Amino acid sequence: MKLNPRLELFLLGGLWGLSYVLIEVGLRDFSPAVVVFGRLLGGSLVLLVALIFSEKPFIKSGSRRKFWLLMPIQALVASALPYLAISYGETKTSTAIAGMLNAATPLFTVVFVKLTSSSEVVGRRKGVGVVLGLVGVALILSPWNSNGHSSAQLVGDLVVLLASISYALGFVYTKRYLGALSATPIMVAFAQISIAGAISILYLPFFHAPRHPSGSAVEGFLAIVVLGFVQTGLATLMYHRVVRELGATASSVVSYIVPLVAVAAGVVLLGDHLSGSFLAGAGVVLISVVMVAGGFKVKRDAATKLP
């Protein structure tokens, strides 16, 4: 059954927003490294099945060597590192804060695009949006508020922010080095997730979170399974389908949905507390992301729509 792409866009935002709750549940029984490895394993299996049933050629012969040389870096900065940073950060901070700090990814993307491309022009609106977004991030972190934030939570917040920076580097790297390669989106996604899974094996012995078992660990295991098969595997396929139907510009609307769902789910399902500084910072960050990403456009982008 094929969903309306606009409906699929909002469903995708909901799935990615709920991933922060699933990470939190998985961390009750497993270390951050195990949570990351489990989600990458599940996601790679889903993408492998999609790849097997794909009728298009995966990579054109002239691009294969370059593709496999470039993909490990993409897998590291766009999946292995940010997934670990978010999972580790959530051992020290709340789901709501983690989800909202990740909303800053478009802001860092603009900064890195400008730093790596002399021809890139950042307009006044985007420039103001980036500055405003950094102010919002500072309000969320509130390092001056010793009563509301412990040093451990601040560390967790900064680690999650590192994930946003890493995601932004991944976007820039994709645009600069992978965009010209003749590889299908499913092939790129499968290579990225599966290579990231292999990388995650290397840090499995080094990250041990304090365990707070929920009993038989079934709840945590199921959370990781859903996180891998649905939020990492199926959601990736949905994202590429939405981009194909609506274009990249319209698909950026998901950047606004994910943090809102993450915050709402954290409050309703996990009982996260929202301070005044967080609410103020979250509002500023969302406004800045709208300014940077170009508004709430969900129209078909004929110029970027793929055949």
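Residues numbered from 1 in each chain as written. Predicted model: local features only at pLDDT ≥ 70, side-chain atom pairs only at ≥ 80, totals over all residues. Heavy atoms only, no water.

### Brief notes about the overall build of the protein
In terms of regular secondary structure, the protein is built from 12 helices and 0 strands. Listing every helix and strand of the protein by position from the N terminus yields α-α-α-α-α-α-α-α-α-α-α-α. Counting every position in the protein, which comprises 307 residues, the buried fraction comes to 51%. In the protein, 91% of the contacts between residues at least 6 apart in sequence involve partners at least 24 apart. Carbon and sulfur atoms form 69% of the exposed surface of the protein, whose accessible area is close to 14,600 Å². (Helix = DSSP H or I, 4+ residues; strand = E, 2+ residues; numbered from the N terminus. Buried < 20%, exposed > 50% of the residue type's maximum accessible area, 1.4 Å probe, protein only. Contact = heavy atoms within 4.5 Å. Areas by Shrake-Rupley, 256 points an atom, 1.4 Å probe, with all protein chains shown as cover.)

### Examining helix 6 (residues 124–141)
Every α-helix winds through 3.6 residues per turn, so residues three or four apart in the chain are directed the same way. With 18 residues, helix 6 extends 26 Å between its outermost C-alpha atoms, agreeing within 8% with the 26 Å of an ideal straight helix rising 1.5 Å per residue. For helix 6, the set of buried residues is G129, V130, G133, G136, V137, I140 and L141. The arc that holds the buried residues of helix 6, viewed along the axis, is 130 degrees, so those residues lie on one side. Facing away from the buried surface of helix 6 by more than 90 degrees, the exposed residues are R124 and V131. S142 lies just past helix 6 and shows a positive phi near 40 degrees. (Expected span 1.5 Å × (residues − 1). Arc of directions from axis to C-beta.)

### Comments concerning the packing of helix 3 (residues 64–89) against helix 7 (residues 151–178)
The contact between helix 3 and helix 7 brings their axes to 8 Å, and the two run at 160 degrees. In terms of axis orientation, helix 3 runs roughly antiparallel to helix 7. Crossing of helix 3 over helix 7 shows left-handed handedness. When grouped by side-chain class, the residues that make up the contact of helix 3 with helix 7 number 18 nonpolar, 6 polar and no charged. (Axes fitted to C-alpha atoms, helices over the stretch in contact; angles between N-to-C directions. Parallel < 35°, antiparallel > 145°, perpendicular 65-115°, else oblique. Left-handed = near helix turned anticlockwise from the far one by under 90°. Nonpolar A, V, L, I, M, F, W, Y, C, P; charged D, E, K, R; others polar.)

### Side note on the packing of helix 3 against helix 8 (residues 185–202)
Running from N to C, helix 3 and helix 8 point in directions that differ by 65 degrees, and their axes come no closer than 8 Å. On the basis of their axis angle, the class for helix 3 and helix 8 is roughly perpendicular. Our pair here, helix 3 against helix 8, has a crossing hand that is right-handed. Across the interface between the two elements, F67, W68, M71, P72, Q74, A75, L76, A78, S79, A80 and Y83 of helix 3 pack against M187, V188, A191, Q192, I193, I195, A196 and I199 of helix 8. A class-by-class count of the residues in the contact of helix 3 with helix 8 yields 16 nonpolar, 3 polar and no charged.

### Considering the pattern of salt bridges
Considering all chains together, one arrives at 1 salt bridge under this definition. With its nearest N and O atoms 3.1 Å apart, the salt bridge here joins E219 to R28. Here the residue E219 occupies a position in helix 9 (residues 218–246), and R28 occupies one in the loop between helix 1 (5–26) and helix 2 (32–52), the gap between them amounting to 191 residues. (Salt bridge = Lys/Arg side-chain N within 4 Å of Asp/Glu carboxyl O.)

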